[in-house]
Amino acid sequence: MNPFERIANRYKNLPEVDLTQGHSIAYSRSTTRRNMELIDANSQGNVHGGVIMRMVDEAAAVVAIKHCHRPYVVTARVERFDFLAPAFIGDVVTVHCELHYAGRTSMDVGVEVTAEDLITREVRKIASSNVIYVALDENRKPTPIPPLEPADDEERAIIERASIRRLHTQKLEQLLKENPS
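What you see is a predicted model, and the numbers here were worked out from it, not measured in a lab.

Cut-off values and rules
Residues numbered from 1 in each chain as written. Predicted model: local features only at pLDDT ≥ 70, side-chain atom pairs only at ≥ 80, totals over all residues. Heavy atoms only, no water. Helix = DSSP H or I, 4+ residues; strand = E, 2+ residues; numbered from the N terminus. Buried < 20%, exposed > 50% of the residue type's maximum accessible area, 1.4 Å probe, protein only. Contact = heavy atoms within 4.5 Å. Disulfide = S-S within 2.5 Å. Core = buried A, V, L, I, M, F, W, Y, C linked by side-chain atoms within 4.5 Å. Salt bridge = Lys/Arg side-chain N within 4 Å of Asp/Glu carboxyl O. 1 Å grid on protein atoms, 1.4 Å probe; cavity = no way out; pocket = protein on both sides within 12 Å on 5 of 7 lines; lining within 4 Å. Points joined across faces, edges and corners; volume = space filled by probe spheres on them. Nonpolar A, V, L, I, M, F, W, Y, C, P; charged D, E, K, R; others polar.

**Points about the environment of Val74**
Thought 1: Examined against the element boundaries, Val74 turns out to sit in strand 2 (residues 73-83).
Thought 2: Judged by its relative accessible area of 34%, Val74 falls in the partly exposed class.
Thought 3: Residue contacts for Val74: discarding those within four places in its chain leaves Ile132, Tyr133, Val134 and Leu136.

Next up, the structure:
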């Protein structure tokens with residue numbers, strides 16, 4: 001059996017997801033690390049932004065998959081991606097991700113990226129992002145996900161800020177739709 005058939009067969013009969021059982025932000029939080037090598041960098045020794053973006057998309061997808069209990073999520077939007085400083089060959093790049101908002105089928109994952117020089121131990125914040133994912137069922141159609149329930153006041157504040165940001169984005173999209181010029 002080829003690997004693609006194995007993957008397809010592995011997720012043929014998924015168990016039902018309990019949509020009444022919400023999860024906290026901590027439930028799906030994830031951190032990924034990787035040492036930056038020559039293949040990751042340009043001729044000046046800076047890590048390519050695309051390498052960082054791929055790491056962010058892969059790490060944030062882990063959070064979305066853990067929250068929705070589904071193997072299929074798609075990146076619907078990179079709402080924001082800010083590069084703040086470069087990463088260099090030899091740095092360890094760390095991608096911290098956590099779910100900030102869960103809608104009916106979509107999830108907003110907040111991301112912070114740091115680079116650490118292993119010799120000096122200096123840690124620099126190099127990027128941040130918000131990535132929106134949609135959970136898909138076996139037929140690759142959007143499917144409902146469990147709610148995001150705050151475990152404490154700090155999580156409640158994060159979710160509230162994300163809800164306000166989402167409302168602002170929806171209003172802006174509506175304005176742009178009404179006035180496309």
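Once you've had a look at it, read on.
**Brief notes about the state of the cysteines**
Thought 1: This model, assessed by the stated rule, comprises 0 disulfides.
Thought 2: With no disulfide of its own, Cys68 has Cys97 as its nearest cysteine by sulfur position, at a separation of 15 Å.
Thought 3: Cys97 sits in the buried class, given a relative accessible area of 2%.

**Quick look at unusual backbone geometry**
Thought 1: Even without being a glycine, Arg121 presents a positive backbone phi close to 70 degrees.
Thought 2: As for its placement among the helices and strands, Arg121 is situated in the loop between strand 4 (106-116) and strand 5 (123-135).
Thought 3: We note that Arg140 has phi near 65 degrees; this positive angle belongs to a residue other than glycine.
Thought 4: Considering the arrangement of structural elements, one finds Arg140 in the loop between strand 5 and helix 4 (153-178).

**Some words on the nonpolar core**
Thought 1: Ranked by size, the top nonpolar core spans 35 residues in total, and within it Ile52, Val93, Val95, Met107, Val111, Val113 and Tyr133 carry the most contacts.
Thought 2: Going through the elements one at a time, helix 3 (49-68), strand 2, strand 3 (92-102), strand 4, strand 5 and helix 4 are the ones with two or more residues in this core.
Thought 3: At 10 residues, the largest contribution of residues to this core is made by helix 3.
Thought 4: Ignoring anything within four residues of it in the chain, the contact list for Met107 reads Ala64, His67, Cys68, Val73, Leu99, Tyr101, Val131, Ile132, Tyr133, Val134, Ala135 and Ile145.

**Section: the pattern of salt bridges**
Thought 1: One pass over the full model with this rule turns up 13 salt bridges.
Thought 2: Glu58 is the salt-bridge partner of Arg54, the closest N and O atoms lying 2.7 Å from each other. Residue Arg54 and its partner Glu58 are located together in helix 3, separated by 4 residues, close to a single helical turn.
Thought 3: Judged by relative accessible area, Arg54 falls into the exposed class, the value being 58%.
Thought 4: Judged by relative accessible area, Glu58 falls into the partly exposed class, the value being 43%.
Thought 5: Asp91 serves as the salt-bridge partner of Arg124, at 2.8 Å between the closest nitrogen and oxygen. Taken together, the residues Arg124 in strand 5 and Asp91 in the loop between strand 2 and strand 3 connect sequence positions 33 residues apart. Comparing Arg124 with Asp91 shows no difference in burial state: the two are buried.
Thought 6: Salt bridges sharing common partners tie together Arg77, Glu79, Asp108, Arg165 and Glu173.

**Examining the layout of surface pockets**
Thought 1: By volume, the largest pocket amounts to about 250 Å³.
Thought 2: Lining of the largest pocket is provided by 17 residues; of these, His100, Gly110, Val111, Ser129 and Asn130 occupy positions nearest its centre.
Thought 3: In terms of residue class, the lining of the largest pocket is made up of 4 nonpolar, 6 polar and 7 charged.
Thought 4: For the second largest pocket, the calculated volume is near 150 Å³.

**A short note on the environment of Arg166**
Thought 1: Mapped onto the elements of the fold, Arg166 is located in helix 4.
Thought 2: Placed 154 residues apart in sequence, Arg166 and Lys12 show a C-alpha to C-alpha distance of 33 Å.

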